[in-house]
Amino acid sequence: QVQLVESGGGLVQAGGSLRLSCAASGRTISSYAMGWFRQAPGKEREFVAVISWSGGSTYYADSVKGRFTISRDNAKNTVYLQMNSLKPEDTAVYYCAADPSGNYYYPQSYDYWGQGTQVTVSS
């Protein structure tokens, strides 16, 4: 089993930056692809970014491309999401997830989830 704990969320003004972390325990995540998702009130959970096990491949939702960067440090068993130029529409609970067994775009493909961290962007 893998336990995931997100941190780094908070309140930021539009145009600001935050860096989210996802720390894993219980098992190394070095062989897992890792994803970030977000869920705003009243909306479905949506894909944000994914990174391959080696970090060599990354993919982003169009809405965050060019503003967000996903990275990982396998030695620290941690995945990061650097979020720049934040917009009010980025406000959501952000979740990290591990080990997609299917299409990385869909939440149901992932076996492990964190509890989420709130990101609020004020205008």
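Quick caveat, the model's predicted, so the values are computed rather than measured. (Residues numbered from 1 in each chain as written. Predicted model: local features only at pLDDT ≥ 70, side-chain atom pairs only at ≥ 80, totals over all residues. Heavy atoms only, no water.)

1. A few points about the nonpolar core
With 35 residues, the main nonpolar core has Leu4, Met34, Trp36, Leu81, Met83 and Tyr94 as its most contacted residues. When residues of this core are traced back to their parent elements, those giving at least two are strand S3 (18-25), strand S4 (34-39), strand S5 (46-51), strand S7 (68-73), strand S8 (78-83), strand S9 (92-100), strand S10 (110-113) and strand S11 (117-122). (Core = buried A, V, L, I, M, F, W, Y, C linked by side-chain atoms within 4.5 Å. Buried < 20%, exposed > 50% of the residue type's maximum accessible area, 1.4 Å probe, protein only. Helix = DSSP H or I, 4+ residues; strand = E, 2+ residues; numbered from the N terminus.)

2. Some words on the pattern of salt bridges
All chains considered together, the criterion is met by four salt bridges. Put simply, arginine 38 and aspartate 90 hold a salt bridge, and the shortest N to O gap is 2.9 Å. With arginine 38 in strand S4 and aspartate 90 in the loop between S8 and S9, the pair connects residues that are 52 residues apart, well separated along the chain. Classification of aspartate 90 by relative accessible area gives buried; the value is 1%. With a closest N to O distance of 2.7 Å, aspartate 90 and arginine 67 form a salt bridge. Pair noted here: aspartate 90 is in the loop between S8 and S9 and arginine 67 is in the loop between strand S6 (58-60) and S7, with a separation of 23 residues, a long-range link. (Salt bridge = Lys/Arg side-chain N within 4 Å of Asp/Glu carboxyl O.)

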